[in-house]
Each structure stands twice: as C-alpha cells, then as structure tokens.
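Fold and geometry: a report
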Amino acid sequence: MDLQGFGAQLASGTWITVQLAIVSMVCAVVLGLLGAGAKTAGPAPLRWLGTLYTGTVRGLPELLVILLVYFGAANIINQVANAFGYSDYIALSPFMAGVIALAFNYGAYMTEVFRGALATIPSGHREAGLALGMGRARIFRRIVLPQVWRVALPASGNIFLSLLKDTALVSVIGLQDLMRETSIAVGYSKAPFTFYVAAAFIYLGLTAVASLGIHWLERRTTHGMRTLTE
Amino acid sequence: MNWSVMIESLPALAEGALLTLELVAVSGVLGFMLAVPVAMARVSDRWWIRLLPMAHIYFFRGTPLLVQIYLVYYGTGQFEAIRSSILWPYLSQAYWCAIIAFTLNTSAYTAEILRGAIQAVPRGEVEAARAVGMGSALIWRRIRLPRAFRIALPAYSNEVILMLKGSALASTITLMDLTGVARTIIARTYTPMELFLAAGLVYGVLTVIILSGFRLLERRLNRHLQPH
C-alpha cells in the first residue's frame, strides 16, 4: 500500500514524530528530576516555584501550553540572550519549539512522578552513603537514582504514551510531523478518511511499540526483584 | 504585559467557557452512557463479546484525540453515501463532530476505568446476591454497577478534567470554545501571552468547579460510610 504515492511523506512525518517524542521525553525527564529536587530539597522560593509550575501546567490544556510556549518561548529566549549580550535574533525552529513546549508540559507531570518516587527511598540509604563518606551528588547518582528509576518507570511509561499522542498537537504550530504530513496529503488527494485512518493506525503502531519497550524496560529494571503478584 | 487587553477580553472568554462547559457536559454524559455497556461487555466471560469493546478501547486510547476529531470532521465527508444521508446535517457541523469525537474518546477511557471498578467489586457481594436468588440482570443493576460507580468516582473525576483540557482541541475545527475565542482575539490584537494566560486562568476556575462538584457527589454517594 503506497497510499496514493504519499507513503514516503507519511514515513518522513512518522520519523519526525518519533524524534520529537523521544527528545521531548528525555528533556521532560531532566526537567522532572530538577523539579522534584526543587520541590523536595530546595530552599523555600524554589519549592514555591516548583509548586507553581506543576500546579498551573497540569491544570492547563496541552494545546494551550503548546501555543503559550510557541508564542512566548522565542521572546523569552531572546530576552535572556540579550541580557547576556547576544544581540542577534534567535529564531526557533518548529521542532525546537515543539520540544520546549512538550518538555515544559510533561516536565510538570514527571516532577510529580519523581517526587512520589523519591519519597519511597528510605532515608537510611542516604545516611548509609554519608557514613561511607560519599558526597551528595554521588549518593544521588549511585544510590537514589537507580532505585527511583525503578519506582518511577510504570508512571513514566503512561506519561510517555500520552506525550507520544500529544506530539500530534505540535502540527498546529507548523511542525512537519505525521499529523501535518497527513493533512497535506489530504489536501492533495481529497481522501481525508483514508489518510486520517492511516495516520490513526500509524499512531496505534507507535504506541504499541512504545508499550512493548516500556514493558521490556520494566522487566529489566525489576530483574532480581521479588514481586508480590506471582 | 498588557493588562487592559486581558480584562477587556474576559466577557468574550467567559462566553467561550460556556461552550467549553457545554461540550464537556454533553459529551461527558453521552460518553458515560456509552461506557457502561462497553465496560459490561468488556468483562464478559465470552471472548467474542469482549472483542468489540476491546477494539474500541484500544483504538480510542491508542490514537491522538486530534486524529479522531479530524477523522470525524474531515473524514466522513469523503463518502457520497454519508453526504446524502440523514446524518449529514450533523456531520457537516463542527459542533456535532466535536461532540461525536469527544464522546467516543471519553467512552473508551471511562469504560476502562469502569472495567477496573467492576472487577474490584468484592466477589462475596455478588455471590451473596446470587444466594438470595437475584438474577444476573438484577445483580448488575442493584449490586455490581452501583458499587462500581462508587469505586470508579475518584478516577472518573480525573477523566473529566482530562476531557476539559482535551476540549481545547475543538478550536482546531473552528469552534469558538475558550481556546478558540483566545486564538481569535490574538489574531486581532497580537497579545498571545496575555490572552493565553487569561484563558488558562478560566480553565483553572473550571477545573476547581468540576473538582468541587465531584467532591460533593463523592460525599453524597458514600454518605453511608461516613462516621456519625
């Protein structure tokens, strides 16, 4: 099935969608770790900032956050660059804007996931690290993070699946992802049903592959753990 | 920050919020009504009864809501048979397309929540009902569904909030919902930050209203569990 000659176009859109989802997720994980750190261990102003961030972003529609970031981010980035003495205008590519928007949005969800997971690590583990003479950074990297990762994985998997589907919204701000390429194909072919069904099944395939990947990761990270359900 | 634009646009945003609430309420009620039989079929012992609800749930949870909206709004017009049918007056309007897409979408998520709740109803209660001679229809109506609704309520309130946020996609098919109104005013005044923040504030208010409604409902339905 070559979809009336638009197969290659949809394939390139799919590839953009996959890249966007993965890069955004990595950034959201980093943002989530920072956010969780700020909310649990930071000084009071950082804690308030973290609470404001998760509280507002999780209450806003994803589309609104994407539009807000798309229209606002370039402005803020340029103001920051100007403050550092960089005077050229920095243009945001739609891909970059999409990554920033999705990472900003899902970073709030990841913050809550990591905050919950951090709370499950017994404080004795940190104290044991201190007793061995490890520094805070090393305790975090060697003792806390490997355990947090395992606890946070199932919830992060759900969040990744939502993020993967929400990449479609970035087509609204002009990224040539699967959704946008599909709309372009619809414009030429005048066969909207055929192409949107095709896009739907490509997204289904992507979420199915992602679910398998998450399942594999979960099995790997819980390797050697006893589970109660057996 | 241009505060006067924010304040001046509040009446228009409030009107958009009404449409947003209407979309959520109508598709929420229809979606819930569809979700109950879907969830009941989903827990059937017979695989061929489970098949259709599973396909429905898998498709609508596994694809983006935007694709589903476009599929209903743009997709249905591809077929001459649909365009000449009695459904066309509805399918040619963005409003009904949004309602149909949201209804099908939320019914899949709600059915999955209800499935978990139905399976969480203690077996002993169902067996007790059977022991006093209730038939399976009566057990569904008197025991399993009422119990499942109470168990599902907290998770369902999350789904309604997600639906409220998802309803912003109605603006992509020309509807003047809260996001649609904000985008229209931005096209005229070019004050994106102000308008999106004002719209975000209204979404926040709607979220609080919906959540307090659920808190009241939860307290009322579980009043037999409250200590005196």
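As the structure is a computational prediction, the values presented were derived from the model and not from experiment. (Residues numbered from 1 in each chain as written. Chains lettered and ligands numbered in written order. Predicted model: local features only at pLDDT ≥ 70, side-chain atom pairs only at ≥ 80, totals over all residues. Heavy atoms only, no water.)

**A word on the UniProt feature "domain: ABC transmembrane type-1" (unreviewed entry) in chain B**
Under the UniProt annotation, "domain: ABC transmembrane type-1" (unreviewed entry) lies at residues 17–214 of chain B. Between the end C-alpha atoms of residues 17–214 of chain B there is a gap of 19 Å, over a span that is 81% helix and 0% strand. (UniProt positions renumbered as here; feature names shortened; annotations may be inferred. Helix = DSSP H or I, 4+ residues; strand = E, 2+ residues; numbered from the N terminus.)

**Things to note about the UniProt feature "transmembrane region" (unreviewed entry) in chain A**
All names here are of chain A. Residues annotated by UniProt as "transmembrane region" (unreviewed entry) correspond here to residues 15–38, 59–77, 89–109, 148–173 and 193–217. For residues 15–38, the helix share is 100%, the strand share is 0%, and the end-to-end C-alpha distance is 34 Å. End C-alpha atoms of residues 89–109 are separated by 32 Å, and the span's content is 76% helix alongside 0% strand.

**Some details on the UniProt feature "domain: ABC transmembrane type-1" (unreviewed entry) in chain A**
The feature "domain: ABC transmembrane type-1" (unreviewed entry), as annotated in UniProt, sits at residues 14–214 of chain A in this numbering. End-to-end, the C-alpha atoms of residues 14–214 of chain A are 20 Å apart, and along that stretch the chain is 83% helix and 0% strand.

**Thoughts on the side chain of Ser171(A)**
Structurally, Ser171(A) can be placed in the loop between α6 (136–166) and α7 (178–189). Sequence-distant contacts of Ser171(A), defined by excluding residues within four places in its chain, comprise Asp177(A), Met179(A), Arg180(A) and Leu66(B). (Contact = heavy atoms within 4.5 Å.)

**Description of the environment of Gly59(A)**
Looking at the element boundaries, Gly59(A) is found in helix α2 (residues 44–59). What makes Gly59(A) buried here is its relative accessible area of 18%. Residues in contact with Gly59(A), not counting those within four places in the same chain, are Lys165(B), Tyr203(B) and Thr207(B). (Buried < 20%, exposed > 50% of the residue type's maximum accessible area, 1.4 Å probe, protein only.)

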